[in-house]
Every structure is written in C-alpha cells, then in structure tokens.
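Coordinates in review
Listed below, chain by chain, are the residues.
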Amino acid sequence: MMRALKSFGAFWYDFVIGDDWQVAAIVVAALAVTALLTHVAGVNAWWLLPLSAFAALAWSLHRATARKSR
Amino acid sequence: MTALPLILTVFVACAVEAVEALTIVLAAGLTREWRSTFQGMAAALVVLAAIVAVLGPTITLLPLTALRLVVGALLAIFGLQWLRKAILRASGYKALHDEASAYLREVAAAKAAPVSSRRGVSDWYAFTLAFKGVLLEGLEVVFIVITFGVSQGNLGAAVIGAALAVAVVAGTGIAVRAPLARVPENAMKFAVGIMLTSFGTFWGAEGAGVTWPGNDAALLVLIPAVALVSLGYAARLRRGRRAGEVPGSGGPAAAAPAPATESEEVTGR
C-alpha cells in the first residue's frame, strides 16, 4: 500500500515538477510576491512573473550545464 | 484570443504526445499482438475519459481568477520544464529524442518479455505496454486541453485541436506503419514550451491580480519575448559548448550529450 502511494506521488511529482524543483519554487514565489505587490502595495507588477520565469530558466540551465561540465 | 491560435497551440502540443504514444503502440502491436495492444489502448482511453469527466466539471466550478492562478502556475512550471529540456537538446547538452531508437528499445524489450495471459487478456505485456504508453502521453493531452480550454472559456476549440492532432498522427502511423522519426520533435517541443510558458505566465499573473498593458494584446509581445530569450539561451549554450570542444582534448564539455533520463521516458517531455 505504502509502495503504491509512494510511486503514485513520485509519478505526479515527475509529471508536474519534473527534473528541477527550484524552477517550480521560483514560479510559486514570484506569483506570491506579485499578488502581494498588487493587492497590498497597489503596484501593478505585471513584469515580475516574466522576469522571474526568464531568471528561473537561466538558473536551471546554468545548474544543468555546470553539472555536466564537471 | 480567437479560437484559431488556441486550436493550433493545442494541436502542436498534443501531436508531440501522440507521436510518442504511437511509437509505443506500434512496438507493442507489431512485435507482440494487436488484440491485446488494442485492449490496452481502450482501457487507457476509458481511464482518461473518466479523468476528464471528473476533472473537467470540477475545474469549471472554480472562480476564473483562482482558476487562472492555479492553471497559470502549473502551465508556467510545465512549460519551463519543456523549454529547459528543449534548450539543452538544441545546444547539444542532452541527446535529441529519437523516435526510431526509442522504437528499437521498445521492440527489443517486447521481444524479450515472455507471453502470459491474465484477466481475459491473451498477452499481458502488450496490454500493459499499450496501456501505460497511451495513459501517460494521454494525461499530458488531457492536462493541456483542460487548462487551455477552461482558461480561455473555449473547451470545444481545445478538444478540436487535440482530436485533430491524434487523428493526423494516428492516420499517418497507420499509413506508414512505422514510428514517425522524421517529425521535428525538438522544434515542436521548443514551440510548445514557449506557448505553455507564455500562457502560463499571462494567466498566472492575471490570477495574482495584475492587469496586463494592452490586456490580451500583451500576449503578442510576451510570446515573442519568451521565444527570443529561449533561443538566446540555446545559442549561448551552443557557443559555450563549441568553445569547449578542443579536438582530442576529451575535455568535459566535449563529452557526448546525456541520454534521455527515466523521468523523460515517463513524462515524454
């Protein structure tokens, strides 16, 4: 039972998060900050999520290629 | 957004998944036997239909803002993972996904597996191979159809895009009876990654409360921007890799591209 649950969880983790969990973490954090800036500070922070996505991609690529070059 | 870009986006995304499912189904059917393969496909389609029947109406109950926040986050994460792999492949850091060699691997495994009948299925291996292949690739199709269709309020157009993709790939597969090795898979995955990331970013930010300059027209800037940045990353990595390739050095950067990982075989990305 536990094994089935573990492999079910592992499948959905692979399906949604994929190889690099930090990309998912950056996207979620950027969305949270965007919501805070918009609703609390009154700043229309439309630029934050695209910039965070570009940064997350660059960071993930850097880590992947640095690992392979080592 | 009109229906045509939505149909095209879903079509390309689903065609990539359908090509991968076709490779597995052909390997099972041609190497083992077609009856059990079709049973496996049918069982997977029933499970997928049940998932759509449960998820579709549940998701439409969510308020649009919450829906766009959740769907946007998922699409952006999903899209960035597609882009990451497509860029690594385009720059030579990861081996290109090759349907012909994927087919040969499946055929070799299918030939080696013993024949056993279970639960009314004459060849259990062919059944499970086809079931898993169609279910796993189909889940991505379902995910893309539901997220794009519901967020745009046009589930019908998304379903049309997916159905067209499956019909075109299945029809071509039946005609050639071979894996579709000439499909430019990495270019298609690159394009899908750009679209998923762009729409995910757009809807996610909207769900978080922002108003995009120009409203929907912002997508006309966002999509090319994501494409340009991604192509720029790929070009930069390719240059860096070539610069490290000194003949005979055997340096780390000159190493062969990494093969497909197990998670890639599972998710198909």
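Residues numbered from 1 in each chain as written. Chains lettered and ligands numbered in written order. Predicted model: local features only at pLDDT ≥ 70, side-chain atom pairs only at ≥ 80, totals over all residues.

Time to look at the overall build of chain B. Across its full length, chain B carries nine helices and zero strands. Traced from its N-terminal end to its C-terminal end, chain B shows the element sequence α-α-α-α-α-α-α-α-α. For chain B, the residues scored as buried account for 44% of the 269 residues in total. Nonlocal contacts in chain B, meaning residues at least 24 apart in sequence, comprise 85% of its contacts between residues at least 6 apart. (Helix = DSSP H or I, 4+ residues; strand = E, 2+ residues; numbered from the N terminus. Buried ≥ 20, exposed ≤ 12 C-beta atoms within 10 Å, placed from the backbone. Contact = placed C-beta atoms within 7 Å.)

Residue and element names in this part refer to chain B. Relative orientation of the contacting elements helix 3 (residues 64-90) and helix 7 (residues 185-207) amounts to 150°, with a least axis distance of 6 Å. With respect to helix 7, the element helix 3 is oriented roughly antiparallel. Like other packed secondary-structure pairs, helix 3 and helix 7 cross with a definite hand, here left-handed. The class makeup of the residues in the contact of helix 3 with helix 7 is 19 nonpolar, ten polar and four charged. (Axes fitted to C-alpha atoms, helices over the stretch in contact; angles between N-to-C directions. Parallel < 35°, antiparallel > 145°, perpendicular 65-115°, else oblique. Left-handed = near helix turned anticlockwise from the far one by under 90°. Nonpolar A, V, L, I, M, F, W, Y, C, P; charged D, E, K, R; others polar.)

Moving on, we come to the interface of chain B and chain A. Counting from both sides, the interface comprises 36 residues of chain B and, opposite them, 33 residues of chain A. At the level of secondary structure, the elements contributing two or more residues to the side of chain B that touches chain A comprise helix 3, helix 7, helix 8 (219-243) and helix 9 (262-267) of chain B. Of the residues forming the side of chain B that touches chain A, the biggest block, twelve residues, is contributed by helix 3 of chain B. For the side of chain B that touches chain A, the class distribution of residues is 26 nonpolar, eight polar and two charged.

All names here are of chain B. With 86% of its residues at a pLDDT of 70 or more, chain B has an overall mean of 81. Element-level pLDDT for chain B is lowest in helix 9, with a mean of 46, against a maximum mean of 91 in helix 8. Scored below 50 in pLDDT, residues 246-255 makes eleven contacts in the model with residues more than four places away or belonging to other chains. Confidence metrics for the complex model read pTM 0.77 and ipTM 0.90. (pLDDT = per-residue confidence, 0-100.)

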